[in-house]
Amino acid sequence: MIVYLLLRETHAGSDGEDKMDDRLPYNEIIDVCLLAGKIMLQNGAETSRVEDTMVRIAAAFGCGESHSFSTPTGIIFSLDGMHPASKLIRVSQRSTDLHKVTLVNSISRSISSKEMTPEEAYLRLKQIEKAGMGYPMWVQVFAAFIASGCFLIMFQGQWSDFIWSCIAGAMGFSCLLYLHWLLEVRFFAEFIASLVVGLVALLFVQIGVGSHLDTIIIGAVMPLVPGLLITNAARDLIAGHLVSGLSKGADAGLTALAIGAGISAAFVFL
C-alpha cells in the first residue's frame, strides 16, 4: 500500500511537471529571443551582447537551457527541455541605431523582472523594429558638417581651414547617404563619397581659400570611417567570437580600403 502511494505521488509529480512544461510557450519564447537578437544585431550591438541578451530572456521566461549562435548575417537559437526546438533567422541589413539597442535592453530587464509576458514582449519588439527612430537626413549631414571641422582641429589643422573641411565633409556624407538609399552595392557609396571629399578639398586648395590639403581631407573623411564596426570587431575577438570578429574586421577593412581608394582617385586630378 505504501509503495502504491509513493508511486502515485511520483507519477502525479511527473505529470505536474509535464503539464507545467507544456504550458511554456516554446515557439513564442524563441520568437521573442530571435526578434530581440535581430534588432540588436541590425543596429550595431556586438555579438556577445546579442547572445547574452537572448539567453537571459529565455531564462527569465523559465527556460533553463538555451543556446545562441550569432554571426553578422544570421542567428541560430535553440531551447532544451521536454520540447527542444531551434530556429534560424537571417540578418541581411545592418545599420547603426544604438537607441534601439537600448530599448531592447530595457525590455530584457522588464522580462527579467516578470513585468512582461512573451506576447507583450513580442508586440513591443515588433513596434521597435518597425519604428523609424533614426535622425532626419539634414540632422545627420549637419552633424557630419560640425564633426569634420572638429576632427580637423583635433589633428592640428588650421582654423582657417575649419569651414572648408566642414563643407567637404558634409558634401561627402550627403553623397554617402544618397547612394546608400539609391543603390545596394557594398563599398561603392564609400568610394564615391571619399572621392567627392577629395575633389572638394582639392578645389578649395587650388582656388586659394584652403591652405593645408592633408588636414582638410583627414577631417572631412572621418565621418565616413566605420568606427563602431572596428570597435565591435575588436570586442568580439576579445570575447572569443572569432567568426564574428573576423567577419566584422574584414567588413571594416574593405570599407576603409574603399575610402582610401576614393581619396587616391581624387589625387589623379591634382
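What you see is a predicted model, and the numbers here were worked out from it, not measured in a lab. (Residues numbered from 1 in each chain as written. Predicted model: local features only at pLDDT ≥ 70, side-chain atom pairs only at ≥ 80, totals over all residues. Heavy atoms only, no water.)

## Concerning the sheet that holds strand β3 (residues 85-90)
Argument step 1. The sheet built from three strands is open, its strands ordered β1-β2-β3 with antiparallel pairing. Every other strand in the sheet has two partners, leaving β1 (66-71) and β3 as the edge strands with one partner each. Pairs of neighbouring strands in the sheet enclose a mean axial angle of 10°, with direction left out of account.
Argument step 2. Here β1 pairs with strand β2 (residues 74-79) via six bridges, running antiparallel. Bridge pairing in β2 links Phe 69 to Ile 76. (Pairing = 2+ DSSP bridges. Helix = DSSP H or I, 4+ residues; strand = E, 2+ residues; numbered from the N terminus. Axes fitted to C-alpha atoms, helices over the stretch in contact; angles between N-to-C directions.)

## Notes on the pattern of salt bridges
Argument step 1. Evaluated as defined, the whole model comprises eight salt bridges.
Argument step 2. Of the charged contacts, one joins Arg 56 and Asp 52 as a salt bridge, the two residues approaching to 2.7 Å between their closest N and O atoms. One end of the pair, Arg 56, and the other, Asp 52, are both in helix α3 (residues 47-60), four residues apart, so they sit about a helical turn from each other.
Argument step 3. A relative accessible area of 51% places Arg 56 in the exposed class. (Salt bridge = Lys/Arg side-chain N within 4 Å of Asp/Glu carboxyl O. Buried < 20%, exposed > 50% of the residue type's maximum accessible area, 1.4 Å probe, protein only.)

## What about the UniProt feature "transmembrane region" (unreviewed entry) in the chain?
Argument step 1. As annotated in UniProt, the feature "transmembrane region" (unreviewed entry) corresponds to residues 135-156, 162-181, 188-209, 215-238 and 250-269 in the numbering used here.
Argument step 2. The annotated region residues 162-181 carries 100% helix and 0% strand content, and the separation between its end C-alpha atoms amounts to 29 Å.
Argument step 3. Each end of residues 250-269 is marked by a C-alpha atom, and these two atoms are 30 Å apart; helix forms 85% of the span and strand 0%. (UniProt positions renumbered as here; feature names shortened; annotations may be inferred.)

## A short note on helix α10 (residues 227-238)
Argument step 1. Under the 1.5 Å per step criterion, the end-to-end length of α10 is 17 Å for twelve residues, consistent within 8% with the ideal 16 Å.
Argument step 2. Within α10, burial applies to Asn 232, Ala 233 and Asp 236. In an axial view of α10, the angular spread of the buried residues amounts to 105°, which keeps them on one side of the axis.
Argument step 3. Close packing links the buried residues of α10 with α3 and α11 (242-266). (Expected span 1.5 Å × (residues − 1). Arc of directions from axis to C-beta. Contact = heavy atoms within 4.5 Å.)

## Some points on the state of the cysteines
Argument step 1. For the structure on display, the rule yields zero disulfides.
Argument step 2. With no disulfide of its own, Cys 150 lies closest to Cys 166 among cysteine sulfurs, the gap being 7.0 Å. (Disulfide = S-S within 2.5 Å.)

## Here we look at the side chain of Ser 165
Argument step 1. Position of Ser 165 among the secondary structure elements: in helix α7 (residues 162-182).
Argument step 2. At 3.5 Å, the side chain of Ser 165 forms a polar contact with the backbone nitrogen of Ala 220.
Argument step 3. Each residue touching Ser 165, except ones within four places of it in the same chain, is listed here: Ser 148, Gly 149, Leu 152, Ile 216, Gly 219 and Ala 220. (Polar contact = N/O pair within 3.5 Å; in protein donor to acceptor, adjacent residues only side chain to side chain.)

## Some remarks on the nonpolar core
Argument step 1. Counting 32 residues, the largest nonpolar core has Phe 77, Leu 79, Ile 111 and Leu 125 as its most contacted members.
Argument step 2. The set of elements that each furnish at least two residues to this core consists of α2 (26-42), α3, β2, α4 (98-112) and α5 (118-130).
Argument step 3. Apart from the residues lying within four places of it in its own chain, the contact partners of Ile 111 are Val 32, Ile 57, Ala 60, Phe 61, Met 116 and Ala 121.
Argument step 4. Membership of the second largest hydrophobic core comes to 27 residues, among which are Leu 177, Ala 189, Leu 195 and Leu 224. (Core = buried A, V, L, I, M, F, W, Y, C linked by side-chain atoms within 4.5 Å.)

## Here we look at the packing of α3 against α4
How two helices sit against one another is set out by the angle between their axes and by the gap between those axes.
Argument step 1. Running from amino to carboxyl end, α3 crosses α4 at an angle of 25°, the nearest separation of the two axes being 9 Å. With respect to α4, the axis of α3 lies roughly parallel. Like other packed secondary-structure pairs, α3 and α4 cross with a definite hand, here left-handed. Residues Arg 49, Thr 53, Ile 57 and Ala 60 of α3 form the contact with α4, whose own contacting residues are Val 101, Asn 105, Ser 108, Ile 111 and Ser 112. (Parallel < 35°, antiparallel > 145°, perpendicular 65-115°, else oblique. Left-handed = near helix turned anticlockwise from the far one by under 90°.)

## Looking at unusual backbone geometry
It is generally the case that most residues other than glycine have a negative phi and that most peptide bonds are trans.
Argument step 1. Its identity as a non-glycine residue notwithstanding, Lys 114 has a phi of 65°, on the positive side.
Argument step 2. Looking at where Lys 114 falls in the secondary structure, it is placed in the loop between α4 and α5.
Argument step 3. For Lys 114, a relative accessible area of 58% puts it in the exposed group.
Argument step 4. You will see that Gln 156, though not glycine, has its phi angle at about 65°, which is positive.
Argument step 5. Within the secondary structure layout, Gln 156 lies in the loop between α6 (137-154) and α7.
Argument step 6. Taking relative accessible area as the criterion, Gln 156 reaches 70% and is therefore assigned exposed.

## Regarding the side chain of Asp 236
Argument step 1. Among the secondary structure elements, Asp 236 is positioned in helix α10.
Argument step 2. Judged by relative accessible area, which is 0%, Asp 236 ranks as buried.
Argument step 3. One polar contact links the side chain of Asp 236 to the main-chain amide nitrogen of Thr 47, over a distance of 3.1 Å.
Argument step 4. Discounting chain neighbours no more than four positions away, the residues touching Asp 236 are Glu 46, Thr 47, Ser 48, His 241, Ser 244, Gly 245 and Lys 248.

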